[in-house]
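Letter by letter, the chains look like this.
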Amino acid sequence: MHMEVIINNKMLGNGLKVIQLETAAGAAMKNFEEAHGINVPRSRFLPVKTTSDLLLIMSNLYELKHGMLTMNPQRSFPSVPLVKLGTHFKNVKDFLERFASNPDVLELDHLTVSGDVCFGKGVTLKGTVIIIANHGERIDIPPGAVLENKIVSGNLRILDH
């Protein structure tokens, strides 16, 4: 089977330029007679391409039932929150180190995080939450914090003594 090759120029974290070769599975349809496409709703298709997607999949927004991820019935509305995590969260390792536990996002509409931000255990995010750490500064969201329709900016560091 001949499939078209897609060339993606990328740069690794260490600055090394690489070429990623891909094939599009959808392009294989032309090799099957009378093939048909179907429109799959977002509720049945949960791609994880970024750590923003990963945060939602790992959160309490979804639950695993009979081997399938389904929207948690405790969520009041069926839409998925818009999550934008900044470059400090780009790599999975860095992402995981910034969350002491998965935050409660059942009532979240929109989350934007930029800069050096870490989340304590048991954090709840509701409504629209925007967290922006100043360049060179860090924001630590304390354990058990509930952020509802809040903008947090600057720096916030709580240290144990």
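Keep in mind that this is a model prediction, so the values were computed, not measured.

Rules used throughout
Residues numbered from 1 in each chain as written. Predicted model: local features only at pLDDT ≥ 70, side-chain atom pairs only at ≥ 80, totals over all residues. Heavy atoms only, no water. Helix = DSSP H or I, 4+ residues; strand = E, 2+ residues; numbered from the N terminus. Buried < 20%, exposed > 50% of the residue type's maximum accessible area, 1.4 Å probe, protein only. Polar contact = N/O pair within 3.5 Å; in protein donor to acceptor, adjacent residues only side chain to side chain.

If you had to explain unusual backbone geometry to someone new, which residues and values would you point to?
Of note, the phi angle at E34 is positive, near 55 degrees, even though the residue is not glycine. Residue position: E34 is located in the loop between β2 (17-23) and α1 (51-58). Using a relative accessible area of 72% as the deciding quantity, one classes E34 as exposed. The phi torsion at N149 lies on the positive side, around 50 degrees, for a residue other than glycine. By the secondary structure assignment, N149 is in strand β10 (residues 146-154). Residue class for N149 comes out exposed when judged on its relative accessible area of 53%.

Before we move on, could you go through the environment of N60 and cite the residues and values that matter?
Relative to the helices and strands, N60 is located in the loop between α1 and β3 (62-65). Sequence separation between N60 and R75 is 15 residues; the distance between their C-alpha atoms is 9.4 Å. Side-chain polar atoms of N60 contact the side chain of D104, separated by 3.0 Å.

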